[in-house]
Amino acid sequence: MKIILVSLYLFDNLATRSLHAALSAEGHDVTTLYLKELFINTMKAPTSREIALFLRHIREEKPDIVGFSVRTPFIRIADHLARMIKEETAATVFYGGLYPTMSPRAALAFADIVCVGDGENVFIQLAKKGLTAVKKEGLPGLWWKHNGAVNGSGYAVESDVDRYSFYAAGKRYYIDHNRMEMEKEKINNRIQRFFSTIDVFTRGYSTMAGRGCPLHCSFCVNALLKDHFPGLDTVRQRRTAGVIAELQAAYAAQHMETVYFHDDIFTADRAWAFDFMTAYKTAVGLPFMINTHIQYLDYDLLTGLRDAGLRIVKIGIQSGSERISRMYRRPLLKEKLQTISRQCRELDIFPLYDIIIDNPFESEPDKKETFALLSSLARPYKLMMYSLVFFPEYPLTKYAQQQGIPLSPQQPEKVYTNWYFKFLKREAAVAAFWHSLFWLSQVDFLSRRLLQLLSRNAFLRRYPCWLKMYCLGTYVFAMNVIIEKLRIRSIWMKKTVSA
Ligand code: B12
Ligand code: SF4
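Residues numbered from 1 in each chain as written. Chains lettered and ligands numbered in written order. Predicted model: local features only at pLDDT ≥ 70, side-chain atom pairs only at ≥ 80, totals over all residues.

Chemist: Help me out: how do you make sense of the overall build of the chain in this one?
Modeler: Scanning the chain from terminus to terminus reveals 22 helices and 17 strands. In terms of overall dimensions, the chain is globule-like: its C-alpha atoms have a radius of gyration of 23 Å, near the 23 Å expected for 499 residues. Based on the C-alpha atoms only, the size of the chain along its principal axes is roughly 70 × 55 × 45 Å. With 499 residues in all, the chain has 40% of them scored as buried. The contacts in the chain between residues at least 6 apart in sequence include a share of 77% that link residues at least 24 apart. (Helix = DSSP H or I, 4+ residues; strand = E, 2+ residues; numbered from the N terminus. Rg over C-alpha atoms; globule rule 2.2 N^0.38 Å. Buried ≥ 20, exposed ≤ 12 C-beta atoms within 10 Å, placed from the backbone. Contact = placed C-beta atoms within 7 Å.)

Chemist: Explanation requested: the sheet that holds strand S5 (residues 113-115) in the structure shown.
Modeler: To summarise the sheet geometry, strands pair through backbone hydrogen bonds and adopt either a parallel or an antiparallel arrangement. On the basis of which strands lie adjacent, the open sheet formed by nine strands has the order S7-S6-S5-S4-S3-S1-S2-S8-S9 and mixed pairing. A strand with exactly one partner marks an edge of an open sheet, and here the two such strands are strand S7 (149-152) and strand S9 (179-181). The sheet shows a mean angle of 25 degrees between the axes of neighbouring strands, taken without regard to direction. As defined by bridge partners, S5 adjoins strand S6 (residues 142-146) across three bridges and the pair is classed as antiparallel. By the bridge assignment, Val114 is partnered in S6 with Trp143. (Pairing = 2+ DSSP bridges. Axes fitted to C-alpha atoms, helices over the stretch in contact; angles between N-to-C directions.)

Chemist: Looking at this model, I keep getting lost on the pairing of S7. Mind explaining?
Modeler: Here is the key point about a regular strand: its side chains alternate between the two faces of the sheet. Where S6 and S7 come together, four bridges link them in antiparallel fashion. Residue pairing across strands places Lys145 opposite Val150, the latter belonging to S7. Linking two consecutive strands that pair antiparallel, namely S6 and S7, is a turn of two residues; a positive phi of about 50 degrees is found at Asn147 within it.

Chemist: Explanation requested: the domain arrangement of the chain in the structure shown.
Modeler: For an interface, size is often stated in terms of accessible area lost upon the parts coming together. By the assigned domains, the chain splits into domain 1 (2-163) and domain 2 (197-493). The gap between the C-alpha centroids of domain 1 and domain 2 is 30 Å. Taken together, the contacts link 17 residues of domain 1 with 21 residues of domain 2. For the side of domain 1 that touches domain 2, the secondary-structure elements that each account for two or more residues are helix H3 (75-88) and helix H4 (98-102). Among the residues making up the side of domain 1 that touches domain 2, the classes are represented as ten nonpolar, four polar and three charged. (Domains from an automatic or database assignment. Nonpolar A, V, L, I, M, F, W, Y, C, P; charged D, E, K, R; others polar.)

Chemist: What's the story with the site of ligand 1 in this structure? I'm lost.
Modeler: Lining the immediate surroundings of ligand 1 are 42 residues, of which Ala15, Gly67, Ser69, Gly96 and Gly119 lie closest. Counting residues per element, the ones that place at least two in the shell around ligand 1 are helix H1 (14-25), strand S3 (65-69), strand S4 (92-96), H4, helix H6 (120-129) and helix H9 (221-228). Examining the composition of the shell around ligand 1, we find that four residues originate from one element, H1, more than from any other. In the shell around ligand 1, the residues fall into 24 nonpolar, twelve polar and six charged. Two domains each provide a minimum of three residues to the shell around ligand 1, namely domain 1 (2-163) and domain 2 (197-493). (Near = placed C-beta within 6 Å.)

Chemist: Would you explain the environment of Ile124 in this entry?
Modeler: Locating Ile124 in the fold gives a position in helix H6. For Ile124, a count of 17 C-beta atoms within 10 Å gives the class partly exposed. Sequence separation between Ile124 and Ala25 is 99 residues, and the spatial gap between their C-alpha atoms is 9.7 Å. Ignoring anything within four residues of it in the chain, the contact list for Ile124 reads Ala22, Leu23 and Glu26.

Chemist: What exactly am I supposed to notice about the environment of Phe39 here?
Modeler: Tracing the chain through its elements places Phe39 in the loop between strand S2 (29-35) and helix H2 (48-61). Judged by C-beta crowding, with 18 C-beta atoms within 10 Å, Phe39 ranks as partly exposed. Measuring from C-alpha to C-alpha, the distance between Phe39 and Tyr9 comes to 8.2 Å, with 30 residues separating the pair along the chain.

Chemist: Help me understand the nonpolar core in this model?
Modeler: A general tendency of soluble globular proteins is for nonpolar side chains to be buried together. Ranked by size, the top nonpolar core spans 131 residues in total, and within it Val66, Ala78, Ala111 and Phe261 carry the most contacts. For this core, the two domains that each supply at least three residues are domain 1 (2-163) and domain 2 (197-493). What Ala111 contacts, discounting residues up to four positions off in sequence, is Ala82, Val93, Phe94 and Tyr95. (Core = buried A, V, L, I, M, F, W, Y, C linked by C-beta atoms within 7 Å.)

Chemist: I keep staring at the pairing of strand S8 (residues 171-176) and nothing clicks. Help me out?
Modeler: Across the six residues of S8, five count as buried, placing the element largely inside the fold. Where S2 and S8 come together, five bridges link them in parallel fashion. Within S8, the position partnered with Thr32 by the bridge is Arg172. Where S8 and S9 come together, three bridges link them in antiparallel fashion. Bridge pairing in S9 places Ile175 opposite Met180. The hairpin formed by S8 and S9 contains two residues between the paired strands, and His177 there has a positive phi angle of roughly 50 degrees.

Chemist: Help me understand the sheet that holds strand S17 (residues 382-387), please; the structure alone is not making it clear to me.
Modeler: Spatially, six strands are ordered S10-S13-S14-S15-S16-S17 in an open sheet, and the strand pairing comes out parallel. Either end of the sheet is taken by a strand with one partner, and the two such strands are strand S10 (204-207) and S17. With strand direction ignored, the average angle separating the axes of adjacent strands in the sheet is 20 degrees. One ladder, built from five bridges, connects strand S14 (residues 288-292) with strand S15 (residues 310-318); its direction is parallel. Its bridge partner being in S15, Asn291 is matched across the sheet by Lys314.

Chemist: Even after reading the chapter, I still don't get H9, so can you show me in this structure?
Modeler: Every α-helical turn comprises 3.6 residues, leaving residues that sit three or four positions apart pointing alike. When we look at burial in H9, the residues that qualify are Val221, Leu224 and Leu225. On an axial view of H9, the arc spanned by its buried residues comes to 100 degrees, and they lie on one face. (Arc of directions from axis to C-beta.)

Chemist: Help me out: how do you make sense of the packing of H1 against H6 in this one?
Modeler: Packed helix pairs are specified by the crossing angle of their axes together with the interaxial distance, meaning the distance between the axes. Packing of H1 against H6 brings their axes to within 9 Å, and their N-to-C directions diverge by 40 degrees. In the crossing of H1 with H6, the sense of the turn from one axis to the other is right-handed. Counting all contacts with H1, which are made through Ser18, Leu19, Ala22 and Leu23, the residues of H6 involved are Glu120, Phe123, Ile124 and Ala127. Here the residues of the contact of H1 with H6 sort into six nonpolar, one polar and one charged. (Left-handed = near helix turned anticlockwise from the far one by under 90°.)

This is how it looks when you write it as structure tokens:
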């Protein structure tokens, strides 16, 4: 069967890579079409030329199925493309990913069929037996519409995540900057890459060593998945040997310089993490990055991971306020965070901290607490600020609706358009003041004393544009970007053992 998989705003999408590998292994003719790359803060809608390139490719290839991987922010773009594909070709449009998993009925407005849950086995069965047969027999996780009524049921869950690899060789096309190329390196824009966070000077390889998260924060899909699908294993960890084999195959083909582990919490299973780091150090030995939460981190883990090649650790803080952290259903553990930040400095591990802003429940004292926490962390670190998005159905969204809180004038528009914090957006003076201070807290060459003085300045609080201009318009911004890039480059370049 001829299949085209579509990834929106994410070259290197792990979901389409896993599906590509699984379907190719079954002998299908699979291509992945990447429409636009993710560049936080600079993403724009596809141009008419990019859409034309996309549609022309689909018309020429004449696939049997076009499978879109859809996350909520990109549903409008997916729907637009799906409508055009159905008008111009005979292909079946198949949606999978978190949007149809959360809202299968809404997803069926434009898709012919949708997948709820993990897609590998569902897609394999569909491609093997054909649509008519699977509709007749039923297939858990496959939903469709017939005469206006929604058919299908259930959630597809892959308990043996070792069965599939994220490494997929095969045909890929990348569309961005009004061009289509078969190699993503040919299409990347150097200026955008310079401003991207971590992969500036290196060839990185993304993967996951497990799926799922032991926590259930109220603004995250993991809370919802656990409510919707009871019995779903909290974390589905892959076996060490499988991950190592994948990385070795990828290295043989791509000679990557770094590895990004995108697991929600890489260190969720401590025993597995120790087992993995020993094997990784000898078999792979490339510098790597992980995401984690400090509840799942300690000095022994950090030391072992550093020895195996850990260079960058992404830690979600989200808020320094106890009250807001309770609302987010997350342990805050301030003192542990302060200790871990010092240990990262001692071990030469570079931390990236995530913070959520624009929460309508947050008051000025909450923001002050966040600033105090950021100011107490050992530098260097990089701060990633994300504007809170109330995704449909999420526990925090339901809570806000119950409380009658006006989410924001742009909601729900923001769900589909605003994927990130824009520094120069219009915001209330108090918010602008504290957000600028958050940003400044990461700048190494501004003393903590100076930051404290700024935070008490009534003039700046009233006219925070001066502070914002200071963040952006002066040498502080430029210097910080340059120092940060040089530092991240030097961190990545420190190899553990030669691979
Ligand atoms: C890793 C990750 C990232 C990485 C991606 C790295 C990479 N190279 O792929 C990075 C950091 C780049 C990233 C970026 C973003 N992310 Co993110 N990310 C995740 C995370 C932690 C895991 C996603 C993942 O890859 N899982 C592994 C794959 C295999 O699982 P999967 O995606 O669910 O795919 C399976 C099924 O859904 C299904 N499936 C998927 N596609 C298809 C297609 C078909 C046809 C079929 C049949 C099945 C199918 O089968 C797949 C295999 O089993 C999730 C949280 C989570 N736990 O899910 C958030 C999450 C997906 N991210 C989210 C967001 C908001 C973003 C950003 C918008 C953030 C931003 N401000 O820019 C961007 C958007 C990027 C994009 N264009 O999609 C949200 C999406 C919310 C929503 N309701 O859709 C999530 C759910 C977190 C949250 N807040 O709840 N992210
Ligand atoms: S720790 Fe991160 S991935 Fe896990 S539930 Fe919370 S926000 Fe989601």
